[in-house]
Amino acid sequence: MYLGIDLGTSGVKALLIDGGQRVIGSASGAMDVSRPHPGWSEQDPAHWIRATEEAIAGLKAAHPKELAAVKGIGLSGHMHGATLLDDNDKVLRPCILWNDTRSHKQALALDADPQFRALTGNIVFPGFTAPKLAWVAENEPETFEKVDWVLLPKDYLRLWLTGEHISEMSDSAGTSWLDTGKRAWSESLLDATGLTESQMPSLIEGTEQGGTLKADLAAKWGMGAGVVVAGGAGDNAASACGMGTVGEGHAFVSLGTSGVLFAANTSYLPNPASAVHAFCHALPNTWHQMGVILSATDALNWHSEITGKSAADLTAELGDNLHAPSGVTFLPYLSGERTPYNDAAIRGVFAGLAHESSRVVLTQAVVEGVSFALRDSLEALRVAGTTLSRVTAIGGGSRSRYWLKSIATALNLPVDVPADGDFGAAFGAARLGLVAATKADPLTVFTAPATAETIEPDTALHGAYADAYQRYRRLYPAVKSAMF
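Attention here is on the structure that accompanies the text.

Let's shift gears to the packing of helix H14 (residues 359-383) against helix H15 (residues 401-411). Packing of H14 against H15 brings their axes to within 9 Å, and their N-to-C directions diverge by 40°. On the basis of their axis angle, the class for H14 and H15 is oblique. The interaxial crossing formed by H14 with H15 has right-handed handedness. In this structure, H14 uses Gln364, Val367, Glu368, Val370, Ser371, Phe372, Leu374, Arg375, Leu378 and Arg382 to contact H15, whose residues at the interface are Tyr402, Trp403, Ser406, Ile407, Ala410 and Leu411.

So, about the packing of aromatic side chains. A complete count under the given rule lists 18 aromatic pairs for this structure. Taking the centre distance of 6.2 Å and the plane angle of 75° together, the rings of Tyr333 and Tyr341 count as edge-to-face. Consider the rings of Phe372 and Tyr472, whose centres lie 5.6 Å apart with planes at 55°: the pair is tilted. Placement of Phe372 in helix H14 and of Tyr472 in helix H18 (residues 462-483) is noted, with a sequence separation of 100 residues between them. Take Phe372: its relative accessible area is 3%, and that puts it in the buried class. Residue Tyr472 is classed as buried on the basis of its relative accessible area of 1%. Over the aromatic face of Trp40 sits the side chain of Arg102, whose NZ or CZ is 3.5 Å from the ring centroid.

With that settled, the discussion passes to the layout of surface pockets. Estimates place the volume of the second largest pocket at around 240 Å³. Around the second largest pocket, the lining is made up of 16 residues, and of these His250, Ala251, Thr392, Asp416 and Ala448 lie nearest the centre. Of all the secondary structure elements, the ones that give two or more residues to the lining of the second largest pocket are strand E22 (391-394) and strand E23 (415-418). Residues of the lining of the second largest pocket, tallied by class, amount to seven nonpolar, seven polar and two charged.

Here is what the cut-offs are and how they apply
Per chain, residue numbering runs from 1 following the sequence as it is written. The model is predicted, so local features are restricted to residues of pLDDT at least 70 and side-chain atom pairs to those at 80 or more, both for listing and for counting; the totals for chains, interfaces and linings are taken over all residues. The basis for every side-chain value is the complete set of heavy atoms in the structure, and neither hydrogens nor water enter the calculation. A fitted line through C-alpha atoms represents every axis, and for helices the fit uses only the stretch in contact; the resulting angles, taken between N-to-C directions, go from 0 to 180 degrees. Working definition: helices are DSSP H or I runs of at least four residues, strands are E runs of at least two. Numbering for both runs from the N terminus. An angle counts as roughly parallel when it lies under 35 degrees, as roughly antiparallel when it exceeds 145, as roughly perpendicular when it falls between 65 and 115, and as oblique in every other case. Left-handed describes a crossing whose near helix is turned anticlockwise from the far helix through less than a right angle; right-handed describes the clockwise counterpart. Only heavy atoms enter the contact rule, under which two residues are in contact if any of them lie within 4.5 Å. Between 30 and 60 degrees the pair is tilted, below 30 it is stacked and above 60 it is edge-to-face, where a pair is any two Phe, Tyr or Trp rings, Trp via its six-membered ring, whose centres lie within 6.5 Å. Categorising residues by exposure relies on relative accessible area from a 1.4 Å probe, with only protein chains included: less than 20% of the type maximum marks a residue as buried, more than 50% marks it as exposed, and the intermediate range marks it as partly exposed. As a reminder, the over-ring test applies to NZ of lysine and CZ of arginine, requiring each to be within 6 Å of the ring centre and within 35 degrees of the ring normal. Think of a 1 Å grid over just the protein atoms. A cavity is a set of points where a 1.4 Å probe fits yet cannot get out, a pocket is an open set with protein on both sides within 12 Å along at least five of seven lines, and lining residues have an atom within 4 Å of a point. Grid points are joined across faces, edges and corners, and a volume is the space filled by probe spheres set on the points. Three categories are distinguished: nonpolar for Ala, Val, Leu, Ile, Met, Phe, Trp, Tyr, Cys and Pro, charged for Asp, Glu, Lys and Arg, and polar for the others, with Gly belonging to the last.

In structure tokens form, the structure reads like this:
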């Protein structure tokens, strides 16, 4: 048996698979986020341990024999969080999370230093780890002076599980301290934030062994000795392992609260100018790119609140057949936008409204706006050297066939819909645990799920969608100039 532990922002999920990768069971533990000031987002790392204990206890209650047979554990977690420890591994302050924006001034200052984009292949976003440490140095200098270790969230769980200070490439690529092409810490980038490599965990690949489970925890959970803990992965890379998105040109589109277009690469292809994320993958000699939009299903949920109709009812009103764009255009920038603009201040807009602009027309515009935002990410990936031939759809929004037809037509790519199953980060983490424990070839383990159906682009509407996309593209500079 193999165990995947995924540390999410709102909870920990533990998932158990057997040697044939059949899901045996899962359990979870809940957590809260602390927001002591506007723009702040923090968690106490002790709550991660409590939630993990709760999830493992749930698995033990339901599957004690299977849990006892665990030979490998994989870890996944939300990225970028700054977990600060002293020389006794004591937590110095609550972890500053990925969605905390307090360090926006420090991020701008670091991003103005050309070595950061040159070495990391990414913009220094406020959510990344390096600007958080710059903020601590400026605002909590007494804490900064005590920092002996900086760990990412899942790697703090590893420390608790194994006693080892270890990280891996995919998560570390989101710190702004990793030389992403060389897959190594950069002394010059660390020095720019007043840190040294001695304060960083050692680096391994996500498929490698990153410690063994402590004897006391193994005994508590009914496991044997020598349980291997894999390097693991950041949450998106772990999801890619679960989806089998590991080969050149393999890609998925995630329609969650935010939207992600994720592409695996066998070479390092940065494009920071278009706010594309270029990170290491969880496999050796593999990287990945992500275009990220901040409001995907969040945009439809906003429209749902305004209209008083559920998101499912709104998309159901569109029917089964894709419509030509109506002339109403929606920019889904309700909380700014990441790819391709890196613009936290821009906001959304409806354009082209008329007396005949019904609720259905507005819903159609929202769906198309998100589809066109994903097209922006596709174009940014193309500029960075990645060509896609198809994508797999995941996330809650993928339950809408109309939306999938819109995305397929906007991207002009087939969209594969996977068969039912759990292919998320916890499953990918369990797969990483299997590989680390058995030394299996990752490419034979990280296979793609069966495809239930494929949504093809609507060729009859290709021209109308192309024209609507150009209208969409022209709106951003117009709205930006009107706002500022």
